[in-house]
Amino acid sequence: MYSYPEYRRFEEATDARHEFLDGDILAMAGDTPEHAALAAAVISALSACVSGKPCSAFSSDLRVRVKATGLATYPDASVVCGEVQRDPEDENAVTNPLVLVEVLSDSTAAYDAGDKFEHYRLIPELRAYLLVSQDERRIELRSRDDEGTWHVRTAGRGESLGLDAIGMTLSVDAIYD
């Protein structure tokens, strides 16, 4: 079992990324060229959308911390609007993403769609969670409405998803092309 300060020191001493939860330091899966290309396409689309707005799009270099559970992780992409709120224990971890994105791999798909989402949904500011498939042209959007209810929509080839949280329509084909 490790403390969060021990995890931070461990992270600073290595080039690899690790998640932290309940005292455990867990290695994150390595990326494939396909995974990296999809993440880059999503980040590019998000960046273009928030340009000129009081929002910023971030790559997987940004650590996100879920205050309610203590999870620290590196989503494939994220958007923060307004002032970036940093974790009191970690100046390099953000606690208020509005949008989070995970590109699914065989080894992480169940975790990203299940347990990780259960952590993410406890972030009060989070309004949209995108799950981008590596295996097919399919993006799942989980969005939270103003009453706090989560809705799920999946789009495939030729379809788009509306990310109301940032005023964006995301074309599936644009991400995969």
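Structure: see above.
Residue indices follow the written sequence of each chain, beginning from 1 at its first position. Totals for whole chains, interfaces and linings use all residues, but because this is a predicted model, local features are given only for residues with pLDDT of at least 70 and pairs of side-chain atoms are given and counted only at 80 or more. Side-chain numbers here rest on the full set of heavy atoms in the structure, without hydrogens or water.

A few points about the sheet that holds strand E3 (residues 55-58)
Pairing in this open sheet of six strands is mixed, and the strands run E3-E6-E9-E10-E11-E12 from one edge to the other. Single-partner strands in this sheet number two, and they are E3 and strand E12 (150-156). Ignoring which end each strand starts from, the neighbouring axes of this sheet average 15 degrees apart. When DSSP finds two or more bridges between a pair of strands, those strands are recorded as paired. Secondary structure elements follow DSSP: runs of H or I of four or more residues count as helices, runs of E of two or more count as strands, with numbering from the N terminus. Relative to strand E10 (residues 128-132), strand E9 (residues 99-103) runs parallel, the two sharing five bridges. Residue Leu100 lies in a different strand from E10, and its bridge partner there is Tyr129. We call two residues in contact when some of their heavy atoms are within 4.5 Å. Working convention: axes come from line fits to C-alpha atoms, limited for helices to the stretch in contact. Angles between N-to-C directions cover 0 to 180 degrees. Of the strands in this sheet, E3, strand E6 (77-81), E9 and E10 touch helix H2 (residues 33-50), which is tilted by about 170 degrees from E3.

Remarks on the state of the cysteines
The term disulfide is used for any two cysteine sulfur atoms that are within 2.5 Å. Evaluation of the coordinates by the stated rule reveals one disulfide. A sulfur-sulfur distance of 2.0 Å marks the disulfide that ties Cys55 to Cys81. Between Cys55 and Cys81, the S-S dihedral sits near 105 degrees, and the bridge is therefore right-handed. Of this pair, Cys55 sits in strand E3 while Cys81 sits in strand E6, placing them 26 residues apart in sequence. We call a residue buried when its accessible area falls under 20% of the maximum for its residue type, exposed when it is over 50%, and partly exposed in between, using a 1.4 Å probe and counting protein chains only. Overall, the relative accessible area of 25% leaves Cys81 in the partly exposed class. Of all cysteine sulfurs in the structure, the one in Cys55 sits closest to Cys49, which takes part in no disulfide; the separation is 7.9 Å.

A closer look at the pattern of salt bridges
One speaks of a salt bridge when a side-chain nitrogen belonging to Lys or Arg is within 4 Å of a carboxyl oxygen belonging to Asp or Glu. Taken as a whole and assessed by the stated rule, the structure comprises 13 salt bridges. Of the charged contacts, one joins Glu140 and Arg142 as a salt bridge, the two residues approaching to 2.5 Å between their closest N and O atoms. Arg142 carries the same exposure label as Glu140, and that label is buried. Sharing partners across several salt bridges, the network here consists of Glu19, Glu102, Asp112 and Lys116.

Here's the deal with the pairing of strand E1 (residues 18-21)
Alternating positions in E1 separate into two faces, His18 and Phe20 on one and Glu19 and Leu21 on the other, with burial throughout. Relative to strand E2 (residues 24-27), E1 runs antiparallel, the two being bridged by four bridges. Within E2, the position partnered with Leu21 by the bridge is Asp24.

A few points about the layout of surface pockets
With a 1 Å grid spanning the protein atoms alone, the term cavity applies to any set of points in which a 1.4 Å probe fits but cannot get out, the term pocket to an open set with protein on both sides within 12 Å along at least five of seven lines, and the term lining residue to any residue with an atom within 4 Å of a point. Grid points are joined across faces, edges and corners, and a volume is the space filled by probe spheres set on the points. Of the pockets and cavities examined, the largest pocket occupies roughly 370 Å³. For the lining of the largest pocket, the secondary structure elements donating two or more residues are E2, E9 and helix H3 (109-113). Polarity classes work like this: nonpolar for Ala, Val, Leu, Ile, Met, Phe, Trp, Tyr, Cys and Pro, charged for Asp, Glu, Lys and Arg, and polar for all others, with Gly in that last group. For the lining of the largest pocket, the per-class residue count stands at eight nonpolar, seven polar and seven charged.

Considering the nonpolar core
For our purposes a nonpolar core is just a set of buried Ala, Val, Leu, Ile, Met, Phe, Trp, Tyr and Cys residues, chained together by side-chain atoms within 4.5 Å. Counting 28 residues, the largest nonpolar core has Leu46, Ile139, Leu163 and Ile166 as the members making the most contacts within it. Listing elements by their share of this core, those giving two or more residues are H2, E6, E9, E10, strand E11 (138-144), strand E13 (160-163), strand E14 (168-171) and helix H5 (172-176). Ranked by the residues each element gives to this core, the list is headed by H2, at seven residues. When near neighbours in sequence (up to four residues on either side) are disregarded, Leu46 contacts Ala57, Ala77, Val79, Val101, Leu163, Ile166 and Met168. One finds Val66, Leu71, Leu100 and Tyr129 within the second-largest nonpolar core, a separate group that totals 13 residues.

A few points about the side chain of Glu19
Within the secondary structure, Glu19 sits in strand E1. Residue class for Glu19 comes out buried when judged on its relative accessible area of 5%. Polar contact is defined as a pair of N or O atoms within 3.5 Å, subject to the rule that within protein one atom must be able to donate a hydrogen and the other to accept it, and that residues adjacent in sequence are counted only when both atoms are side-chain atoms. A distance of 2.4 Å separates the side chain of Glu19 from the side chain of Thr73, its partner in a polar contact. Side chain to side chain, Glu19 and Lys116 meet in a polar contact 3.0 Å long. Setting aside chain neighbours within four positions, we find Glu19 in contact with Tyr7, Asp24, Ile25, Leu26, Met28, Leu71, Ala72, Thr73, Tyr111 and Lys116.

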